[in-house]
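# A structural walkthrough
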Amino acid sequence: MGLAPEGGETGGGLTGYIVHHLTHNTKQFSFGEVHMDSWIVALALGLLASFWLWWYARKATSGVPSRGQAFVELVVEFVDSEVKNTFHGDRRFIAPLALTIFVWVVFMNAMDLLPLDIPSAAVEAVAGKEAAHHTYLRWVPTADINTTFGLSLTVLLLIIFYSIKAKGAGGFTKELFTAPFHAEGTFAKIVLALPNLFLNVVEYLSKPVSLGMRLFGNMYAGELVFMLIAGLFVSWFTFLPGIVFQSMWAIFHILIILLQAYIFMVLTVVYLAMAHEHH
């Protein structure tokens, strides 16, 4: 969510305000540039989500559950039922993975509901407007394409792992060159080997791209809409309508937050189930 932009903070009206809040806090390393804000916030939220699940699992009782325990049990059962309906192999790793993805992505997406001017206001209160103007912090990790592609590339590695586990290294390699176009004769198999390899590589690469881009696009757009509403309703006369529009968009955005986490989780399980099957 956004608050009204101030000229002193951005120095460029609405455009400067948006540019300021779309700039990452980066650090240069020998291997490249790292978005420290996305990395730190994602790590902190991952630890928080893990602690939240561990805390209620530790306090779980066989009697009447508390509201918190009942909610966690509802989430766990919901995820487990989705995995059970999709993945028909050993779910001892897949179900916790799906739960981790769903809860972690929800936590990261939910950061978009917090006013994005809080970091700038905190820095300004401590160090003044000039320091706030040069301090950048984007705290919605999933609005950073590096985060979403990091998640989706991990899913790709798991897809390859489960493909090799189910089919063996030889079977996996053979499938790359013999499917989806099948042939009987040796010459036909040689002719179709490169087209098959090309299509399989495209299929494997399209999965992390679709996962990463879908999550990033929706969260980035949601973050941008909050900024535009904050900028368009900046005056005292439009302050109250701005609050109304921000609230309406926030309520709608809650559905996006949950839906995108659900889609990412379900597609991950579907891709792993496809990799686990024999062709």
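Residues numbered from 1 in each chain as written. Predicted model: local features only at pLDDT ≥ 70, side-chain atom pairs only at ≥ 80, totals over all residues. Heavy atoms only, no water.

Short version of the rule: UniProt positions are given in the numbering used here, feature names are shortened, and annotations may be inferred rather than shown by experiment.
As annotated in an unreviewed UniProt entry, the protein chain carries the name ATP synthase subunit a and is attributed to Thermomonas brevis. Listed in UniProt under the heading Function (unreviewed entry), the comment for the protein chain reads: "Key component of the proton channel; it plays a direct role in the translocation of protons across the membrane."

## Notes on the UniProt feature "transmembrane region" (unreviewed entry) in the protein chain
Rule in force here: Each helix corresponds to a stretch of at least 4 residues labelled H or I by DSSP, and each strand to a stretch of at least 2 residues labelled E; elements are numbered beginning at the N terminus.
In the numbering adopted here, UniProt assigns the feature "transmembrane region" (unreviewed entry) to residues 39–57, 93–111, 145–164, 224–244 and 250–274. The distance from the first to the last C-alpha atom of residues 39–57 is 27 Å, and the span holds 100% helix and 0% strand. In residues 93–111, helix accounts for 89% and strand for 0%; the two terminal C-alpha atoms are 28 Å from one another.

## Section: the environment of Pro 65
Put simply, the rule reads: With a 1.4 Å probe rolled over the protein chains alone, any residue whose accessible area is under 20% of its type maximum counts as buried; one over 50% counts as exposed, and the rest are partly exposed. Whether two residues are in contact is decided by their heavy atoms, any of which lying within 4.5 Å being enough.
Relative to the helices and strands, Pro 65 is located in the loop between helix H3 (36–58) and helix H4 (67–86). The class of Pro 65 is partly exposed, set by a relative accessible area of 33%. On a C-alpha basis, the gap between Pro 65 and Ser 247 in space is 33 Å, while along the polypeptide they are 182 residues apart. When neighbours within four sequence positions are excluded, Pro 65 is seen to be in contact with Ala 70 and Glu 73.

## Details of the pattern of salt bridges
Quick note on the threshold: By definition here, a salt bridge exists when the distance from a side-chain nitrogen of Lys or Arg to a carboxyl oxygen of Asp or Glu is within 4 Å.
If you walk through the whole model with that rule in mind, you get four salt bridges. Residue Glu 223 is joined to Arg 138 by a salt bridge in which the shortest nitrogen-to-oxygen separation is 2.5 Å. Here the residue Glu 223 occupies a position in helix H9 (residues 186–232), and Arg 138 occupies one in the loop between helix H7 (129–133) and helix H8 (145–178), the gap between them amounting to 85 residues. According to the relative accessible area criterion, Arg 138 is buried, its value standing at 4%.

## With respect to unusual backbone geometry
The omega torsion of the bond from Ala 179 to Pro 180 falls at 10 degrees, within 30 degrees of zero and hence cis. Tracing the backbone through its elements, the reader meets Pro 180 in the loop between H8 and H9.

## Observations regarding the packing of aromatic side chains
The cut-off we apply is this: For Phe, Tyr and Trp, rings pair up if their centres lie within 6.5 Å, where Trp contributes its six-membered ring, and each pair is then called stacked (planes under 30 degrees apart), edge-to-face (over 60) or tilted (otherwise). Throughout this description, the term charge over a ring refers to an Arg CZ or Lys NZ atom that lies within 6 Å of the ring centre and within 35 degrees of the ring normal.
Overall, the coordinates contain 14 aromatic pairs when judged by the stated rule. Aromatic side chains Phe 78 and Tyr 262 sit 5.8 Å apart centroid to centroid with 35 degrees between the ring planes, which places their arrangement in the tilted category. Of this pair, Phe 78 sits in helix H4 while Tyr 262 is found in helix H10 (residues 239–276), placing the two residues 184 residues apart along the sequence. The exposure class of Tyr 262 is partly exposed, given its relative accessible area of 26%. An angle of 85 degrees between the planes, with centres 6.1 Å apart, marks the rings of Phe 87 and Tyr 162 as edge-to-face. With Phe 87 in the loop between H4 and helix H5 (94–110) and Tyr 162 in helix H8, this pair connects stretches of sequence that are 75 residues apart. Positioned over the ring face of Tyr 204 is Lys 207, at 5.5 Å from the centre of the ring.

## Re the nonpolar core
Convention followed: For the purposes of this section, nonpolar cores are sets of buried Ala, Val, Leu, Ile, Met, Phe, Trp, Tyr and Cys residues that join through side-chain atoms within 4.5 Å.
Of all hydrophobic cores here, the largest spans 47 residues; its most connected members are Val 79, Val 83, Phe 87, Phe 102 and Leu 272. No other element matches the eleven residues that H5 contributes to this core.

## As for empty space enclosed by the protein
For clarity, the threshold we go by: In this analysis the probe radius is 1.4 Å and the grid spacing 1 Å, with only protein atoms considered; a cavity is a set of points the probe fits into but cannot get out of, a pocket is an open set with protein on both sides within 12 Å along at least five of seven lines, and lining residues have an atom within 4 Å of a point. Grid points are joined across faces, edges and corners, and a volume is the space filled by probe spheres set on the points. Think of it as three bins: nonpolar holds Ala, Val, Leu, Ile, Met, Phe, Trp, Tyr, Cys and Pro, charged holds Asp, Glu, Lys and Arg, and polar takes everything else, Gly as well.
Within the structure shown, the criterion is met by two cavities of 30 Å³ or more. Taken as a whole, the largest cavity spans an internal volume of roughly 60 Å³. Those elements giving two or more residues to the lining of the largest cavity turn out to be helix H2 (13–21) and helix H6 (118–127). A per-element tally of the lining of the largest cavity places H6 first, with three residues. In terms of residue class, the lining of the largest cavity is made up of six nonpolar, five polar and no charged. By volume, the second largest cavity is sized at about 30 Å³. What lines the second largest cavity is simply His 21, Leu 116, Leu 137, Arg 138, Trp 139, Glu 223 and Met 227.

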